[in-house]
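# What the coordinates show
Each chain is listed here by its residues.
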Amino acid sequence: CGQHERAMEVAAERLQQNPAPLPGSNNSNTILTTVSSDSSGEGIVATAAPSSRSSAGQWSRIKYESYTATHLSELWCCGQDEARELVLKSSAAFALLESNPRLGLSVFTALHPQNESQWRTLHPRDDPFRSTQDVVRVLQLLKSVRPKISTRSTRGNGDEEDAQNQTLPLESGRALAVTFLESATGLSTGRPVDGASGPDSEQQRGVFESISLPNSPQDEAHEEDLANFHDELALLLLEGIISERSDDDSGKDTELGMVYRSKLRSYLRWPLAKLRPERFLESLPSSFLPEKALVLGRLGKHEDALRILYRDLKSLDLALEYCDDRYDRQQSKIYKQPRQKYSSTGMFDDKELMEMPSDPDNAYLPLVRVALESDNTSKGCAAAIQVLSLRRSAIDRAAALRLLPADIPVSAVARPFLIPALVDSESQVRRLTVVSALLRARYLRLKEQLTSAQLKAQANLQVVPQLQSLNLGDSPLHSTQPFRARSSSGSSNSSSILPEVWIVKHFFARHLVIQARVTNQAALSEKAGRTLTDICFVVAESSEDEAIQPLLQVPIAVLPTGMTGCTWCVLSAAPGRMESSTAQLTCELRYTVSGQGDIMALNPQGGALIGRTFVEELQDLEVHASHFQ
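Residues numbered from 1 in each chain as written. Predicted model: local features only at pLDDT ≥ 70, side-chain atom pairs only at ≥ 80, totals over all residues. Heavy atoms only, no water.

Once that is clear, we can look at the packing of helix α18 (residues 365–372) against helix α19 (residues 377–390). Here α18 crosses α19 at 165°, and the two axes come no closer than 7 Å. Compared by their axis directions, α18 and α19 come out roughly antiparallel. The handedness of the crossing between α18 and α19 is right-handed. The residues of α19 that touch α18, namely those facing Leu-367, Val-368, Ala-371 and Leu-372, are Gly-380, Cys-381, Ala-383, Ala-384, Val-387 and Leu-388. In terms of residue class, the contact of α18 with α19 is built from nine nonpolar, one polar and no charged. (Axes fitted to C-alpha atoms, helices over the stretch in contact; angles between N-to-C directions. Helix = DSSP H or I, 4+ residues; strand = E, 2+ residues; numbered from the N terminus. Parallel < 35°, antiparallel > 145°, perpendicular 65-115°, else oblique. Left-handed = near helix turned anticlockwise from the far one by under 90°. Contact = heavy atoms within 4.5 Å. Nonpolar A, V, L, I, M, F, W, Y, C, P; charged D, E, K, R; others polar.)

Listed below in structure tokens is the structure:
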């Protein structure tokens, strides 16, 4: 009935009635409690009777905490401001965060997407940062909590790699706030860096655009609040590192400090981070060199970042790792955006190809320049050549060679870089040649299947679009039996490659439709393997010009060897105006013979097949006026 505070007080009283069980004892309380919401969002509590083996009304702590978390979560998720206000001011929520911080935190993260799939289908109204005031108040509540129990996981070896795989122990309000912000931003729940794909891509783009593309003062204010939350996450992680420094003079991180540092570096590398790097750079202590390099990278100062990693930290591995991350981002940007553009437009024109980015290998060139700036020339050249050798498949080789000093001997570069690069290039050419041949064979197979399907569809009188537009009727009044058309006397020299033609006449009330079924039998002649194109059956003359006149021709576009297709000729008919009972029609078959049997033999502009055109005169056809009745 809406008395949520009283419901949780009753649950707390039942917990107090139950003494704490001894270690190893079996508490058999079986009270069943369900929490539901009516249409107004108010919780309804139903409690079943306990087991006969337990005292009436007694609750265990795990049952109490589970009930409280479920009740508070439903209030928080119901979407009503009054319910959320109750949760934020509830002493039960604060007590739950103190006694079971991970369960208590789930109250506020229940609506957050938990995996990449959920992020991709997220609607803008469900954005975790949609209500910034609620986020601010949740952070204030979490930072005021002092958990009473330790949630620290089992420690590893104490190295950075082990810290990356550890979950942040919820031992302080800072840790609670960090975990909440990581969930809300999507850093810890797999928010897709490349945006959305699939049926909900438009919705997902709406989510990203509502965050990153301000169009009004309200959007600008939301953008500012969002940047503040991202800055807050970075500063909390930095604060965690500083607070967990060891007390001795070494200044090394404790194991918990290494977890904070690993999370901070992951956040600084995250492409979706909306951190304001200029502000954060001012807060970084001077000893945080790797983090400073990452922030400089976000500002676009890649050579300054590499100077810190290579020169100050004296680590070529860290410098290469930085370049690898940048190269991966360049590759995903270059090869993803053109693919999206191609799918929407269907084809690139020359201008678009020229405007596409063409320097994905430049991610490693700044490191080569920084290595050559070394005071020790020989050491710098050796480091630059090592970079060329290790990343020869990803670097712009010509640009990298131009950076090397002119006095460096070719022998110093040949074995570690030039010879392996040449071998890799030849191997790539061979691989691409094989791939090209396979793709061409697949294209030819698909093209042949498409042509076969088109020919099959064009053979049906009721399916051809050009015939349907004439409104001929449901079915013809009369159709003749198929008969073979023969060449008339005195035919051209194309008779040696004349395809086989069978003719069927379809009579309608006011139209005559002639169906010419053509079979390409070029393989049986000396012109083996030729493809026929633009095949058209034409009525050149009619003995009844006023009564029967040509109206429309439907040609066959392409007819490969051994296939059969239908070309159509439609004539308008007025049987009442015929002077005699029979009309004579002079017919021709026009077609083009290509130079190759390959249906891919297109001209450079992608037009019709190139070849020689023939006009073959066929025997005359007779049309009787009685057939139109």
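Moving on, we come to the pairing of strand β5 (residues 500–507). Judged by how many residues are buried, β5 sits mostly within the fold: seven of eight residues are covered. Pairing between strand β3 (residues 478–479) and β5: two bridges, direction antiparallel. Counterpart to His-478 in the pairing with β5 is Phe-507. Here β5 pairs with strand β6 (residues 511–519) via eight bridges, running antiparallel. Following the sheet pairing, Trp-502 is matched in β6 by Arg-517. (Buried < 20%, exposed > 50% of the residue type's maximum accessible area, 1.4 Å probe, protein only. Pairing = 2+ DSSP bridges.)

We now examine the packing of aromatic side chains. Each aromatic ring pair is summarised here by two numbers: the centre-to-centre distance and the angle between the ring planes. Scanning the model with the defined rule gives five aromatic pairs in all. Relative to Phe-108, the ring of Trp-76 lies with its centre 5.1 Å away and its plane at 80°, an arrangement referred to as edge-to-face. One end of the pair, Trp-76, is in helix α2 (residues 61–77); the other, Phe-108, is in helix α5 (residues 101–109), and 32 residues separate them in sequence. Taking relative accessible area as the criterion, Trp-76 reaches 6% and is therefore assigned buried. Geometrically, the ring pair formed by Phe-507 and Phe-628 is edge-to-face, given 5.1 Å between the ring centres and 85° between the ring planes. Of this pair, Phe-507 sits in strand β5 while Phe-628 sits in the segment after β12 (611–624); the two residues are 121 residues apart in sequence, bridging distant segments of the chain. (Phe/Tyr/Trp six-rings, centres within 6.5 Å; stacked < 30°, edge-to-face > 60°.)

Let us now look at the packing of helix α15 (residues 302–312) against α18. Running from amino to carboxyl end, α15 crosses α18 at an angle of 55°, the nearest separation of the two axes being 9 Å. In terms of orientation, α15 and α18 fall into the oblique class. When the axes of α15 and α18 are compared, the crossing they make is right-handed. Between α15 and α18, the contacting residues are Glu-303, Leu-306, Arg-307, Tyr-310 and Arg-311 on the first element and Pro-366, Leu-367, Arg-369, Val-370 and Ala-371 on the second. In the contact of α15 with α18, the residues fall into six nonpolar, no polar and four charged.

In this fold, Ser-389 is placed in helix α19. Judged by relative accessible area, Ser-389 falls into the buried class, the value being 18%. A C-alpha to C-alpha distance of 8.4 Å links Ser-389 and Ala-421, two positions 32 residues apart in sequence. Once residues lying within four places of it in the same chain are set aside, the contact partners of Ser-389 are Pro-416 and Phe-417. A distance of 3.0 Å separates the side chain of Ser-389 from the backbone oxygen of Pro-416, its partner in a polar contact. (Polar contact = N/O pair within 3.5 Å; in protein donor to acceptor, adjacent residues only side chain to side chain.)

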